[in-house]
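Chain residues, written in single-letter form:
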Amino acid sequence: MTTFDVATPDGAILKARREGSGAPLLLISGLGGTAAFWNGTVEALKDLAEVITFDQRGIGGSSRGTAPVTIAQLADDVAALLDTAEIATATVVGHSTGGAIAQSLAIRHKVHVGALGLSGTWLAPNRYMSALFAARLSMLAQDPAIYASTAALFAYPPEWLETHFEVHEAAVAKAPRDPAAQAVVRERIDALLAFDGRADVERIAVPTRVIGAEDDAVVPAFLQRALATALPGAGLAMLPGGGHFFPQTRGAEFTQIVRDLLAETA
């Protein structure tokens, strides 16, 4: 594994890493924004691809910069990363908020995107997610530990979490307790709720796979189906379960879908 820094025009420094060999595969994480979300996926795919992950601005080892946080800005950050890494075109897989970023990247910087994997994500604002994240913002303001606890409870299937409860404990331990960390969470939630890809979705012309889980309680399955319907020629792969964080809880099935996407576009 090698690490590298990405400097953005507004002063953010993004911490990135690349591992493995083969065609480039860029993974974009969700609201949490960390490269670590993909550790298991990287391990499973590094024999097939050069896998690039990174901490998004204001997250983990990456600094915040001064630009307003929007999905478009986060897509521009990804383009800066690919330029820095001297990668002309990559297969891009984004999960949840990362899927919104990937859609925006495919519109704003289409030369960089050879294929798309849109995992646990959505196309346009909806009442379910608006209500869910309004509740989460309220919890963040009142008790960050409860915010972190309920985020984990929503993200993982109950039976899986029961046998991996250290994941819940770790989430609570890392709750955004200081004002700066809370501000980053709030602006990222505002950005994801403001994302609306309907006007541009027909401009996405690369091979695309929409991936979802039937029991996802954060970005429900009906939103995966709506996204796949709106995307010209997109494939749809629905896992029977796994919760919102199915790339972790159903890692073998998820990575096989990504392997198939890489093979189709080789």
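Up top you'll find the structure we're talking about.
Quick look at the structure, then. (Residues numbered from 1 in each chain as written. Predicted model: local features only at pLDDT ≥ 70, side-chain atom pairs only at ≥ 80, totals over all residues. Heavy atoms only, no water.)

1. Quick look at the packing of aromatic side chains
We count it as follows: Each aromatic pair joins two rings of Phe, Tyr and Trp (for Trp, the six-membered one) with centres within 6.5 Å, and gets the label stacked for planes under 30 degrees apart, edge-to-face for over 60, and tilted for any other angle. Note on exposure labels: buried denotes an accessible area under 20% of the residue type's maximum, exposed denotes more than 50%, and partly exposed covers the range between, all computed with a 1.4 Å probe on protein chains only.
The full count for this structure, using the stated rule, is seven aromatic pairs. Considering the side-chain rings of F37 and W38, the 5.0 Å spacing of their centres and the 85 degrees angle between planes classify their relative orientation as edge-to-face. Here F37 matches W38 in class, with each residue buried. These aromatic residues form a ring-pair network of at least three members: F37, W38, Y156, W160, F245, F246 and F254.

2. Comments concerning the environment of A228
Applicable threshold: A run of H or I in DSSP becomes a helix once it reaches four residues, and a run of E becomes a strand once it reaches two; helices and strands are each numbered from the N terminus.
Relative to the assigned elements, A228 resides in helix α9 (residues 221-230). A C-alpha to C-alpha distance of 8.0 Å links A228 and R209, two positions 19 residues apart in sequence.

3. Brief notes about the pattern of salt bridges
Close approach of charged atoms allows side chains with opposite charge to pair. Definition in use: By definition here, a salt bridge exists when the distance from a side-chain nitrogen of Lys or Arg to a carboxyl oxygen of Asp or Glu is within 4 Å.
If you walk through the whole model with that rule in mind, you get 14 salt bridges. Notably, a salt bridge pairs D5 with K15, separated by 3.1 Å at the nearest N-O pair. Residue D5 is located in strand β1 (residues 2-7), and its partner K15 is located in strand β2 (residues 13-19); the two are separated by ten residues in the primary sequence. Note that R259 is salt-bridged to D47, the shortest N-O span being 2.8 Å.

4. Focus on the packing of helix α5 (residues 144-155) against helix α7 (residues 165-173)
Counted only if it meets this: Convention adopted: a line fitted to C-alpha atoms gives each axis, helices being fitted over their contacting stretch, and angles between N-to-C directions are expressed from 0 to 180 degrees. By the definition adopted for this analysis, an angle is roughly parallel if under 35 degrees, roughly antiparallel if over 145, roughly perpendicular if from 65 to 115, and oblique otherwise. By definition, turning the near helix anticlockwise from the far helix through less than a right angle yields a left-handed crossing, and turning it clockwise yields a right-handed one. Residue contacts are defined here by distance: any two heavy atoms, one from each residue, within 4.5 Å place the two residues in contact. Think of it as three bins: nonpolar holds Ala, Val, Leu, Ile, Met, Phe, Trp, Tyr, Cys and Pro, charged holds Asp, Glu, Lys and Arg, and polar takes everything else, Gly as well.
Running from N to C, α5 and α7 point in directions that differ by 150 degrees, and their axes come no closer than 8 Å. Relative to α7, α5 is oriented roughly antiparallel. By crossing handedness, the relation of α5 to α7 is classed as right-handed. Between α5 and α7, the contacting residues are A145, A148, S149, A152 and L153 on the first element and H168, A171 and V172 on the second. The residue inventory of the contact of α5 with α7, partitioned by class, reads six nonpolar, two polar and no charged.

5. As for the nonpolar core
In globular proteins that are soluble, nonpolar side chains generally tend to be buried together. Convention followed: Here the nonpolar core consists of buried residues drawn from Ala, Val, Leu, Ile, Met, Phe, Trp, Tyr and Cys, with membership extended through side-chain atoms lying within 4.5 Å.
Ranked by internal contacts, the top residues of the largest apolar core, which has 55 residues, are L26, L81 and V92. Excluding residues within four positions of it along the chain, L81 makes contact with F4, V6, A16, L26, I52 and F54.

6. Some words on the sheet that holds strand β8 (residues 235-239)
In plain terms, the rule: Each pair of strands is called paired provided DSSP finds at least two bridges between the two strands.
An order of β1-β2-β4-β3-β5-β6-β7-β8 is seen for the eight strands of this open sheet, with the pairing classed as mixed. With partners counted over all chains shown, the strands left at the sheet margins are β1 and β8, one partner each. For this sheet the average axis-to-axis angle between neighbouring strands, irrespective of direction, equals 20 degrees. Pairing of β1 with β2, which is carried by six bridges, proceeds in the antiparallel orientation.

7. Looking at unusual backbone geometry
Of note, the phi angle at E86 is positive, near 60 degrees, even though the residue is not glycine. Along the polypeptide, E86 turns up in the loop between α2 (71-84) and β5 (90-95). Not every positive phi belongs to a glycine, and S96 is a case in point at roughly 60 degrees. Positionally, S96 belongs in the loop between β5 and α3 (97-108). Under the relative-accessibility criterion, S96 is labelled buried at 7%.

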